[in-house]
Every structure is written in C-alpha cells, then in structure tokens.
Amino acid sequence: MDLSPKTSTDISFDDFRAQILHDYEIAVLSRECSLMGRKEVLTGKAKFGIFSDGKELPQLAMARSFKNGDFRSGYYRDQTFMMALGLLTPKQLFHGLYATTDIEKEPMSAGRQMVGHYMTNSINEDGSWRNLTQQKNSSADISCTAGQMPRLLGLAQASKMYRNLKNLDSEKFSNNGNEVAWGTIGNASTSEGMFLETVNAGGVLQVPMVISIWDDDYGISVPAKYHATKEDISKMLSGFQRDEDQKGYELIKVKGWDYTALMHAYENAADIAREEHVPVIIHVVELTQPQGHSTSGSHERYKSEKRLEWEKDNDCNKRFREWVLETGIAEDSELLELEKSIKKKVRIAKKEAWAEYLEPHKRMKKTLIQLLENAAQKSPNKNFINKIKNDLIAVEEPIKKDLAHNSRKALRYMLGENTTEKEALVSWVNRFLEDTQPKYSSLLYSELPTRATKIPEIRPQYDTSPKTVDGRVVLRDNFDKLFEKYPEAIVFGEDSGKIGDVNQGLEGLQKKYGELRVADTGIRETTIIGQGIGMALRGLRPIAEIQYLDYIFYTMATLTDDLASLLYRTYGKQKAPLIVRTRGHRLEGIWHSGSPMGGLIHVLRGMYILAPRNMTQAAGFYNTLMKSDEPALIIESLNGYRLKESMPNNLGDFCTPIGKIETLRKGNDITILSYGSTLRIVEQAARELSEVGIDAEVIDAQTLLPFDVNGDTVKSVQKTNRLLVVDEDVPGGCSAYLVQEIIERQGAYGYLDSAPQTLTAKAHRPAYGTDGDYFSKPNTEDVFEKVYEIIHEVNPDDYPKLR
Ligand SMILES: Cc1ncc(C[n+]2csc(CCOP(=O)(O)OP(=O)(O)O)c2C)c(N)n1
Ligand SMILES: [Mg+2]
C-alpha cells in the first residue's frame, strides 16, 4: 500500500536522536516490565499476566501521533503505548498485576481488571467531566476480543458531530472535531463480526478513526490460515480502499520492526483522519510474541522451531536496537548502560509495588493477631482459636481473603461467649467487611447524589380538557422538546431518520433537527450501540434505537461487556450515559412479541431497565434520564403506539421516577404486580374480579432495574397478604426476580397468607396471530382464574371451584 510522501516536520539531528533514544528507552522499559511481570505470575504473586512484548515498536509510533483530546479504544497489548504517553508507570503496572484495590495506586481499575486493561480518568470527584481535550484519553478496555471496536466507531463519530453540529458546548470534549479515535486489535480478532461490522460502518460514516492491527500471525495457538481469507487481512480488506471516485478507507501496510516506516505511516494516518475525517487501517505485520500469548501457556507447544527462530531474529526491539547502532545514533556501550539502568528501575518499581500492596494487609494482620490472642485468652476454646491465630501468623504475605477467612472462622469457636475481647473481634470483623466489600462491589451504578434514582418525580400536567392523541404523538412531541432543550441529544437507528422510526415516534424530527442528529443507520445493532457508547464517552447524549426488543440479542455482548460494566470496571472514572430505546412485549410472531426481561435484567446489571406501560410514562423516563448521566434501556410497549393518551402540557419537563412503583388500582384482597403491556390485561382482569367481589390492588413495577428502591410493594402485601406477579416473560424469568425482591429484600414473607405466585407467558417463543398471542401469553382469563384460585383456596365457601 502506498505511503504518501509526507515526512515529519524537519527537526534537528539532536532532537531526532533524542526522540529515538527516548523511544528506545520506552521499548526496553516496557519489555523489561513484560519479562518481570511474567515471572511474578510464575512465582505465584500474581494470577495472570498478558503483556506487550513483541509489539512495542508500532505502539511507540502510534503514541507519537496521538494528541491531546484523542481517544484510544484498544486491547490488552497496548502497555508500551500507555507507557510512552506517560499514562502507565512500571509501578502501576505491577500494582495492576497484584490487583491492588487502591485506585490511586492501580489507576486502571483498582484491581478489578486483569493486567493489560487500560483506561484514563474522564471524571472529576463530583461526577462532572474533566476537560478531555487537555489530556490523552483511553476508553476502558474489555477482555472480549474485538469488543473495543463498536465503541471506537462512536468515539470517532463524536469528532464528526463536534465538527459539524452547531450550538454544542464542546469546550471539554473537542476542538472543532480534530480528535482521532485510535483503535487497536490483534490479527486473529479481526475475524470477529464486531470488527467487520465496525469497519463497514466506519467507511459509511467516514469518521476519523485509525485502526491498527497488531499482526503476529497467531491468535494464541491458531495460525493465520484459520483466521483470514487469503491469509492476509490487507487483501481481505482491500475493497475498502478509497479511490478518486469513492469514499472508503486509507489502507496502510507496514512492517512492525521498521521504525522509520512506522513513524511515517502513523503520521500519515493521523493527518488523513484528523484533517479529512477519513478512516484509516494500518496493518502492522511481522510482529512477534517473545513470551507467547500470556502466562496461560508456552508458545513452544504450537510454534515450529523455524517460526521461533524467525521470531527471535525479527523481534522488533532487537531490530530497533540494530538499527540504532547501524545508523550511529548510539554506541553499543551507551545502550548497554541504558538497558542496565532500566532493569534496575523496573526491579525497584516491582519491589515497591509489592511492598505497597502488602502494607495495609500486614498492618491489619497485626491488629487481628492481637485481637485473636486476646479473645483466645478468655475462651474455653483457646486452643482452637490459637491454632487459627498461628495459621495467620504463618502467612507472611497476607491478602484480604486470609484476614477475612481466619477472623470469621475464629468467631465460630466463641459461640455463646460474652466477653469484651470477643466483642472487639466481632466489631473488627464487621468493620473490616464493611470497608473491604465495596472495594470489590461498589460503583455498579452511580453513587453520587445526582444519580438517576434521585431525580425527583415531576408529574405530567394536563389542561382541563386535554387533547386525546395516539401514544406515539406524546412520545414524538416530547422528543421534539428534548431535542430543542439538549443540543447534544442525538438519536439514530434503523429507520429512525427519514420516516421517524417504524412507529413514527420521531416523525418530522429529522427535517427539523437535521440528518446528523436524527439519523438512519445500517442494519447493524452492535455498532449502533457502539456509536452510542463512544459518543456518550465524549460528552454527547446519544439515544440509540434498536428497532425491536427481539433484535437486542445481536448487540447483547456490547451492552453487557462494555456498557453495563463501564462504571464498575473503571471504578467510576468513566461514564457513558447512553439511552437505548427499543420496543417490545406483545405484537405478533416470534420476533415481534418477545419480552425476555429476565435475560436482560440478569446480564445488564449496571444499566437501568425501564418498562413503561404507556408512552407518557416512557416520555417521562426519557426526560428523567436526560437529567442524569447513567446508561439505561427503555422498552416501549409495542402495542401501545396507537392507543389513546391524554396530551400533557409540560412535555419535556415531566419526569417518571426511576426505582419507584406506581399503584394503579387500590384493593384489599390481593396485590398484583406487573409491568409493560401486560398491565392493561391485569387492569381488565381486576375490573372483572371486582364483579365477583374480589378486590385486587394493581401495581406497576415500571422500573425493573432497580425495582422499587423504597420497598413500597411490601406495604401493599402487608394489607392484602397475598401476592401475584404477572408478566409475559418465560416462567421463572423476570417474575421470579420480582418475587425474590419482594419476599427476600423487602421481607414480605411474614405478611403472606397464601403462597406468592407468578403468572407468566409459556416457556416457548410467542406464536403468531391473535390466537397465538392468547395461548402464548397471559390473557385476561388467565389472570382472573389465577387470582380466583388463590382466593378459592382461602375461602372455598364463598368462592367455589371455577372449573
Ligand atoms: C470474545 C472472545 N473470545 C475468545 C477470547 C479468548 N482469547 C483471548 S486472546 C485470544 C487470541 C487473540 O489473538 P489476536 O487477536 O491475534 O491478538 P494477540 O493476542 O495475538 O495480540 C483469544 C482467543 C476472548 N478474550 N474473547
Ligand atoms: Mg495475534
């Protein structure tokens, strides 16, 4: 592939030499960390190691072209890149290996992620954005190969938005869209659908991204012939090359050990992407993996002697060194001196990190031993407790688990004892667990006072005789208000633009707000969500539309692996307030009637999942979410767009609260909890039940994640003493979760006079047609009979057997 003749701006020989020596220093530093890091795993101090060795040189070139405001979306090999930008020190790397839970010491995840997963901090203490244009940014890595690609698309698209949209407050996010999003991916991972989908979408959207493929010919043990058509990713992608007539990519192929060619390639790529907003792919070939893929196994098992030999000769650091000597940039003795000092530096960093990792544990161990000693003195089980104490003393390098395990076990030998020494131990254990558990479990959701569940409810208001309209009109006019109010709001999806979505909830808005803000996309759910995540990471407020809930599974991996885990895996240092809009529950046929809420709520912890019963409630959720900055999924009721609703007069302002139930019908005999489309059936059944004297209370759960944060449902059960949860998910799906919440978390068990029950759809996918719906999903008769049966069991005289 052709490299443009552009060269770097002329610099003096001394500067050039200094730059090269600095790069060599980073290459060696990174390699030394990789070598010592692997040893730390093999000696048992760390659990797993994956490093940058063999891929150093292209990362130095990428770092040189990476500017403030730019974003990386990469994978676990990019240690050298992070070091070159000063975003990762050797000591921090070792803290990552040991999984230090202090975010100051282990800034990549506070020990939550394996080593090799990188990020930078986008957020101030109060949850507001830092100025991302004044720092170099890395979106937080995930382990899933190619999982970084969908997000990359959005990170790049944000530049396009900032360059082309007026009225955006871009101060903290962009300088006229001049930021490049840099993706990295391993050669084998380019086989993933996510990669190919992203490449196509990037070509269509023409966004400033530079994708680097680190090609070492292998994906763990599997060689190229099993990965790429024609065994060559460049050949495979050649149809994407732009030409004079058609837009596309600039494709560059370069050898990973060739320093000058790499520098040239990256400068060229950066210019094209930054200035022209044209995407670039750099295929970096002839890379190696000197220590094998990771600490999970050795590559001698699957690479031939010949290949191993070739890798030795073509190790990029080795060839870089040879080039430095050949060109006379440095003498051998000078490099030897440098290498020696780097070795020492890394050894010291490693030692310090290990000592720092252990220090708090050792301190706590000392206290705990004293407490065990004291408690043992006063206990008839002294010998047993002393044994535990001695076991703990023998652990020279204690981790938190050792402290928890031994202290909790010791308490079992003091059952029934009532000494102050035992009490001291009990309080230590309680405090220790209280302090320690959040280190592993905090920040799944925002914990700031501004979090979504704290946004106060604002009720929809109505004129004395409000207009009655189709539900979709309430939604549409509310979106109109939101787009007016928030210039950073953007909506996109299949058919969302020109026709204003398949149910016309966005009708006319593209005309009003333009093709960038109200956009059609290709049929590619994964990268629709990727666009949303990336743009949300850069301060925009995307609403990504998935046309039908049943198609959300195409993007489920990106939602669960990337979006839902973001706050948790970054220890709150990054946020992506993406709203995912979709429509679901009953309509017709297997793929337009699904309500797989159990599946969703189980794998999307970290997102809010909202199931409004009508379009006014839905509109209120959008309004609430736009005031907050957390990710959410809203499932509109597919069969509700044409149902009549009163038009509120405070569109864009009213807010449906998140985490709060709503009682739709008061009653004394049974509590029926439901959500979404099923509620209309439940309400009908409740009316029919009242005709036979059964007085049902009907509650709308409306937010499934989180469900009823104030614990209001149990108050209804206290009154009715009976509970039925109705939904149209499979048996044991979301309804089981709701029962668990009410019985276990809210403590309803003690108030029940009948067994708590669920009424759900059948386990199979819903059959097509009106009868298909009736016999697949709960219907009015089902609800009536289920409730009647519960009441019959209690009072068979007044409620004799129905059938
Ligand atoms: C979705 C997914 N599948 C499988 C894995 C396990 N895995 C981790 S790395 C890897 C090989 C990746 O090879 P390549 O993309 O060439 O990157 P390299 O490690 O060679 O730099 C595999 C299969 C994973 N992490 N994610
Ligand atoms: Mg590879």
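Everything quoted here is computed from the prediction, not taken from an experiment.

K.L.:
Whenever I open this one, the environment of Pro-577 confuses me. Can you help?
P.N.:
Here Pro-577 lies in the loop between helix H19 (566-569) and strand S13 (579-584). Using a relative accessible area of 2% as the deciding quantity, one classes Pro-577 as buried. Counting along the chain gives 40 residues from Pro-577 to Gln-617, while the straight-line C-alpha distance between them is 20 Å. Those residues in contact with Pro-577 that sit more than four places away from it in its chain are Trp-129, Ala-536, Arg-541, Pro-542, Asp-629, Glu-630 and Pro-631.

K.L.:
So what exactly am I meant to see when it comes to helix H11 (residues 332-377) here?
P.N.:
Helical geometry: 3.6 residues make up each α-helical turn, so side chains three or four residues apart lie on a common side. With 46 residues, H11 should cover 68 Å at 1.5 Å per step; its first-to-last C-alpha distance of 66 Å lies within 8% of that length. Along its length, H11 shows its largest kink, about 35°, at Glu-359, and proline Pro-360 lies within four residues downstream of that point.

K.L.:
Help me understand the layout of surface pockets in this model?
P.N.:
In this approach, a probe sized like a water molecule rolls over the atoms, and the result shows the empty space that is left. Looking at the largest pocket, its volume works out to about 700 Å³. For the lining of the largest pocket, the elements supplying multiple residues, two or more each, are helix H4 (90-98), H11, helix H13 (400-411) and helix H14 (420-441). Among the elements that make up the lining of the largest pocket, the one with the highest residue count is H14 (4 residues). Classifying every residue of the lining of the largest pocket gives 15 nonpolar, 7 polar and 6 charged.

K.L.:
When you look at the site of ligand 1 in this model, what are you seeing that I'm missing?
P.N.:
Close contacts around ligand 1 come from 18 residues, with Tyr-75, Tyr-76, Arg-77, Asn-187 and Ser-189 the closest. A distance of 3.1 Å is found between a nitrogen atom of ligand 1 and a backbone nitrogen or oxygen belonging to Thr-145. For the shell around ligand 1, the per-class residue count stands at 6 nonpolar, 8 polar and 4 charged.

K.L.:
What is the right way to look at the sheet that holds strand S10 (residues 489-493) in this model?
P.N.:
The strands that make up a sheet pair up through hydrogen bonds in the backbone, lying either parallel or antiparallel. One open sheet accounts for 7 strands, arranged S11-S10-S12-S13-S15-S14-S20; its pairing is mixed. The open sheet terminates on both sides in strands that have one partner only, identified here as strand S11 (518-520) and strand S20 (703-705). Each neighbouring strand pair of the sheet contributes to a mean axis angle of 20°, computed without reference to strand direction. Note that S10 and S11 share 3 bridges and pair parallel. Pairing of Gly-493 across the sheet is with Asp-520, part of S11. Against the sheet, helix H17 (residues 525-537) makes contact with S10, strand S12 (541-546) and S13, and its axis sits at roughly 170° relative to S12, the strand it touches most.

K.L.:
In this structure, what is going on with the sheet that holds strand S7 (residues 250-255)? I would like to understand it.
P.N.:
Strand order across the open sheet formed by 6 strands is S2-S1-S3-S4-S8-S7, with parallel pairing between neighbours. Whereas interior strands pair on both sides, the edge strands pair on one side only; in this sheet they are strand S2 (137-138) and S7. Bridge count for strand S3 (residues 181-186) against strand S4 (residues 209-214) is 6 bridges, and the pairing is parallel. Bridging from a neighbouring strand, Trp-182 pairs with Val-210 of S4. Relative to S3, helix H5 (residues 148-164) is tilted by about 165°, and along the sheet it contacts strand S1 (71-73), S3 and S4.

K.L.:
Can you walk me through the pattern of salt bridges in this structure?
P.N.:
Here the idea is simple: oppositely charged side chains can pair when their charged atoms come close. According to the stated counting rule, one finds 56 salt bridges in the structure shown. One salt bridge in this structure joins Arg-363 and Glu-359, with 3.0 Å as the shortest N-O distance. Here Glu-359 and Arg-363 lie together in helix H11, a separation of 4 residues that amounts to about one turn. Linking Glu-373 and Lys-389 is a salt bridge whose minimum nitrogen-to-oxygen distance equals 2.8 Å.

K.L.:
Sorry if this is basic, but what is going on with the coordination of the magnesium ion (ligand 2) here?
P.N.:
A metal bound by six donors in octahedral fashion has ideal angles of 90 or 180 degrees, whereas one bound by four tetrahedral donors has an ideal angle of 109.5 degrees. The magnesium ion (ligand 2) binds to the protein through Asn-187 (OD1), Asp-216 (OD) and Tyr-218 (O); the donor distances cover 2.0 to 2.1 Å. Along the chain, the residues donating to the magnesium ion (ligand 2) are arranged with the sequence spacing N-x28-D-x1-Y. In this pair, Asn-187 is assigned in the loop between S3 and helix H6 (193-205) and Tyr-218 in strand S5 (residues 218-219), connecting sequence segments 31 residues apart. Judged by relative accessible area, Asn-187 falls into the buried class, the value being 5%. The exposure class assigned to Tyr-218 is buried, which follows from its relative accessible area of 12%.

K.L.:
Can you walk me through empty space enclosed by the protein in this structure?
P.N.:
According to the stated counting rule, one finds 4 cavities of 30 Å³ or more in the structure shown. Each pocket or cavity is described by its volume, and for the largest cavity that value is around 110 Å³. Lining the largest cavity are 14 residues, and of these Leu-567, Ala-576, Gly-606, Glu-630 and Pro-631 lie nearest its centre. Classifying every residue of the lining of the largest cavity by side-chain character gives 8 nonpolar, 3 polar and 3 charged. Considered as a void within the structure, the second largest cavity measures approximately 60 Å³ in volume. What lines the second largest cavity is a set of 13 residues, and nearest its centre among them are Gly-96, Glu-106, Met-108, Val-115 and Gly-116. Looking at the lining of the second largest cavity residue by residue, the class counts come to 6 nonpolar, 6 polar and 1 charged.

K.L.:
Where do I start with the packing of aromatic side chains in this structure?
P.N.:
Taken as a whole and judged by the stated rule, the model has 25 aromatic pairs. Aromatic pair Phe-66 and Phe-81: ring centres 5.1 Å apart, planes at 75°, arrangement edge-to-face. One end of the pair, Phe-66, is in the loop between helix H2 (56-65) and S1; the other, Phe-81, is in helix H3 (residues 79-84), with 15 residues separating them in the sequence. Look at Phe-81 and you get buried, because its relative accessible area is 1%. Ring geometry for Trp-428 and Phe-432: centres 4.9 Å apart, planes at 5°, overall stacked. Remark: Phe-432 and Trp-428 occur in helix H14; sequence separation between them is 4 residues, near one turn of the helix. Note on Trp-428: relative accessible area 8%, which makes it buried. With relative accessibility at 5%, the residue Phe-432 sits in the buried group. Among the aromatic residues, those joined into a ring-pair cluster are Tyr-24, Tyr-259, Phe-320 and Trp-323. Residue placement shows Lys-303 over the ring face of Tyr-218; its charged tip is 5.1 Å from the ring centre.

Rules used throughout
- Residues numbered from 1 in each chain as written.
- Chains lettered and ligands numbered in written order.
- Predicted model: local features only at pLDDT ≥ 70, side-chain atom pairs only at ≥ 80, totals over all residues.
- Heavy atoms only, no water.
- Helix = DSSP H or I, 4+ residues; strand = E, 2+ residues; numbered from the N terminus.
- Buried < 20%, exposed > 50% of the residue type's maximum accessible area, 1.4 Å probe, protein only.
- Contact = heavy atoms within 4.5 Å.
- Expected span 1.5 Å × (residues − 1).
- Bend = angle between axes of the 7 residues up to and from the residue.
- 1 Å grid on protein atoms, 1.4 Å probe; cavity = no way out; pocket = protein on both sides within 12 Å on 5 of 7 lines; lining within 4 Å.
- Points joined across faces, edges and corners; volume = space filled by probe spheres on them.
- Nonpolar A, V, L, I, M, F, W, Y, C, P; charged D, E, K, R; others polar.
- Near = heavy atom within 4 Å.
- Polar contact = N/O pair within 3.5 Å; in protein donor to acceptor, adjacent residues only side chain to side chain.
- Pairing = 2+ DSSP bridges.
- Axes fitted to C-alpha atoms, helices over the stretch in contact; angles between N-to-C directions.
- Salt bridge = Lys/Arg side-chain N within 4 Å of Asp/Glu carboxyl O.
- Donors = N, O, S within 2.8 Å, 3.2 Å for Na, K, Ca; no water.
- Phe/Tyr/Trp six-rings, centres within 6.5 Å; stacked < 30°, edge-to-face > 60°.
- Lys NZ or Arg CZ within 6 Å of the ring centre and 35° of its normal.

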